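# Geometric and topological summary
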Amino acid sequence: MAGLPIDQDVVPTGVSHGGPAAFRRIAERRNAIVHWEDHEHPSHLIAMAAPGPLAEDIQVFFSGR
């Protein structure tokens, strides 16, 4: 579960992820997750596999939409 937030409840957290749905349930247990985007891609290297959708997701998170 490398890369997922752990005990992050001080600031809002956004996750852009390409893994199993179970990761979201685990991450939401002890984190203030306000944005989660699932990417339908077989790779966990979303930045390399789908840079366009990841860049859009980051823009959405920081714009507050």
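Use the structure listed above.
Residues numbered from 1 in each chain as written. Predicted model: local features only at pLDDT ≥ 70, side-chain atom pairs only at ≥ 80, totals over all residues. Heavy atoms only, no water.

### What about the overall build of the protein chain?
In terms of helices and strands, the protein chain carries three helices and two strands. Reading the protein chain from its N end, one meets helices and strands in the order β-α-β-α-α. If you sum the accessible surface of the protein chain, you get close to 4,700 Å²; carbon and sulfur atoms cover 57% of it. (Helix = DSSP H or I, 4+ residues; strand = E, 2+ residues; numbered from the N terminus. Areas by Shrake-Rupley, 256 points an atom, 1.4 Å probe, with all protein chains shown as cover.)

### Here we look at the side chain of Asp-57
Inspection of the secondary structure assignment puts Asp-57 in helix α3 (residues 51–63). One polar contact links Asp-57 to His-35, side chain to side chain, over a distance of 2.6 Å. Non-local contacts of Asp-57, meaning those with residues more than four positions away in its chain, are made with Val-15, Ser-16, His-35, Glu-37 and His-39. (Polar contact = N/O pair within 3.5 Å; in protein donor to acceptor, adjacent residues only side chain to side chain. Contact = heavy atoms within 4.5 Å.)

### Structural notes on the environment of Thr-13
Along the chain, Thr-13 turns up in strand β1 (residues 13–17). With 21 residues separating them along the chain, Thr-13 and Val-34 place their C-alpha atoms 5.8 Å apart.

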